[in-house]
Amino acid sequence: MSEIKVYPDPTSLAWAAAEHFVAQATEAVAARGLFTVALSGGSTPRSTYALLASADNADRSGRQHPREFALRVDWPRVHVFWGDERCVPPDHTDSNYCMGREVLLDHVPIPRRNVHRIRGEMEPEQAANEYERTLQSFFDARPGEPSPQFDLILLGMGGDGHTASLFPGTASVHEEARWVVAHYVDKLSAWRVTLTPVVVNAAAHVTFLVAGAGKAERLHQVLAGRYQPDVLPAQIVRPTDGQLLWLVDAAAAARLQQEVE
Ligand code: 6PG
């Protein structure tokens with residue numbers, strides 16, 4: 001099942017995404033004693049991560065409102081992974097881990113052992129193989145067996161319709177066995193490591209965060225256009241049993257016939 005929720009602006013979107021994260025974390029910890037989440041890279045989720053790190057009790061209009069996101073998550077029971085990583089050192093400005101650590105993880109009481117980064121500093125294929133072993137070990141599963149079921153995977157969507165590091169025209173979009181792959185992205189002249197659709201589509205909740213007018217045309221193509229995941233890799237995200245949710249701002253939703261929340 002998929003759902004689209006449209007918010008007036010990026011700030012409202014970030015608040016909604018933070019509430020969603022808290023809700024999923026609360027539900028997972030109550031049900032199973034832990035919450036497994038794969039963070040997205042890119043710029044859109046930054047403001048959500050900043051909210052999750054805050055004990056800020058002022059709501060988006062400045063009224064005092066006991067949100068205090070950081071205090072509402074049982075961080076010692078949260079395990080953080082990444083949906084993809086750039087093949088750079090962990091302190092590099094392009095590193096998705098670096099962004100997540102600086103904006104969120106350094107500000108909440110999550111044990112270091114609960115932070116499972118993709119080691120972008122390694123040779124890409126080795127980094128992918130190592131991360132696959134990390135997932136196998138953590139989820140106690142093996143390739144070929146049912147893939148790990150994350151409680152939540154956060155994703156963004158690039159202007160070309162890519163998601164995670166599943167880029168148009170790459171074999172990773174149609175990977176059906178491996179959980180993590182590395183590939184060279186010609187258009188970026190860079191290596192990336194990414195979860196494959198095998199893992200993404202096994203998640204209990206997959207949530208896209210998309211904002212900005214620049215995404216409007218592509219978002220319309222992805223959601224309302226012909227199914228062509230080679231061209232629009234975000235379309236390959238169709239959770240088998242999980243919930244697909246699109247949290248978008250009005251600018252990105254300009255081409256969609258959707259009511260604003
Ligand atoms: C990455 C992300 C990537 C990102 C999209 C959208 O490593 O860059 O995983 O898939 O989510 O490119 O990026 P923005 O949020 O910056 O538009």
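**Q** Looking at this structure, how should I read the nonpolar core?
**A** Among the nonpolar cores identified, the biggest contains 72 residues, and Phe 21, Phe 35, Phe 150, Ile 153, Leu 195, Phe 208 and Trp 246 are the most heavily contacted of them. At eight residues, the largest contribution of residues to this core is made by helix H1 (residues 10-32). The residues contacting Phe 35, other than those within four sequence positions of it, are Phe 21, Gln 24, Ala 25, Ala 28, Val 29, Arg 77, Val 78, His 79, Asp 151 and Leu 152.

**Q** Is there a simple way to explain the pattern of salt bridges in this structure?
**A** Where charged atoms from two side chains of opposite charge come close, those side chains can pair. Tallying each qualifying case throughout the model produces 12 salt bridges. Between Glu 102 and Arg 101 there is a salt bridge, with the nearest N and O atoms lying 4.0 Å from each other. Since its relative accessible area comes to 45%, Glu 102 is described here as partly exposed. In this structure Arg 101 comes out as partly exposed when scored by relative accessible area, which is 22%. Between Arg 178 and Glu 125 there is a salt bridge, and its shortest N-O distance comes to 3.7 Å. Separated by 53 residues along the polypeptide, Arg 178 in the loop between strand S5 (152-155) and strand S6 (180-185) and Glu 125 in helix H4 (residues 124-139) bring together distant segments of the chain. Accessibility expressed as a relative area gives 25% for Arg 178, which makes it partly exposed. The partly exposed category is assigned to Glu 125, whose relative accessible area is 30%. The network of salt bridges with shared partners includes Arg 101, Glu 102 and Asp 106.

**Q** What is the right way to look at the environment of Arg 133 in this model?
**A** The topology assignment puts Arg 133 in helix H4. The sequence separation of Arg 133 and Trp 179 amounts to 46 residues, and the corresponding C-alpha distance is 9.5 Å.

**Q** Quick question: what am I supposed to make of the sheet that holds strand S7 (residues 190-195) here?
**A** Hydrogen bonds between backbone groups are what pair the strands of a sheet, and the pairing can be parallel or antiparallel. Here we have three strands laid out as an open sheet, ordered S4-S7-S6, and antiparallel in their pairing. In this open sheet, the two edge strands, each paired with only one partner strand, are strand S4 (84-86) and S6. Each strand axis lies, on average, 20° off the axis of its neighbour in the sheet, ignoring direction. In the packing of H4 onto the sheet, contacts are made with S6 and S7, and the angle to S6 comes to roughly 155°.

**Q** Please explain the site of the ligand as it appears in this structure.
**A** In the vicinity of the ligand there are 16 residues, among which Ser 43, Thr 44, Arg 86, Ala 164 and Lys 215 approach most closely. Here an oxygen atom of the ligand sits 3.4 Å away from a polar atom, N or O, in the side chain of Ser 40. At a separation of 2.7 Å, an oxygen atom of the ligand approaches a polar side-chain atom of Asp 84. A total of 420 Å² of accessible area belongs to the ligand in isolation, and the protein chains cover 88% of it. Assessed atom by atom at 2 Å from the grid points, the ligand resides in the largest pocket. Of the residues belonging to the shell around the ligand, the class tally is two nonpolar, 10 polar and four charged.

Conventions we followed
Residues numbered from 1 in each chain as written. Predicted model: local features only at pLDDT ≥ 70, side-chain atom pairs only at ≥ 80, totals over all residues. Heavy atoms only, no water. Core = buried A, V, L, I, M, F, W, Y, C linked by side-chain atoms within 4.5 Å. Buried < 20%, exposed > 50% of the residue type's maximum accessible area, 1.4 Å probe, protein only. Helix = DSSP H or I, 4+ residues; strand = E, 2+ residues; numbered from the N terminus. Contact = heavy atoms within 4.5 Å. Salt bridge = Lys/Arg side-chain N within 4 Å of Asp/Glu carboxyl O. Pairing = 2+ DSSP bridges. Axes fitted to C-alpha atoms, helices over the stretch in contact; angles between N-to-C directions. Near = heavy atom within 4 Å. Polar contact = N/O pair within 3.5 Å; in protein donor to acceptor, adjacent residues only side chain to side chain. Areas by Shrake-Rupley, 256 points an atom, 1.4 Å probe, with all protein chains shown as cover. 1 Å grid on protein atoms, 1.4 Å probe; cavity = no way out; pocket = protein on both sides within 12 Å on 5 of 7 lines; lining within 4 Å. Sits in = over half its atoms within 2 Å of the grid points. Nonpolar A, V, L, I, M, F, W, Y, C, P; charged D, E, K, R; others polar.

That is the geometry; function is a separate question.
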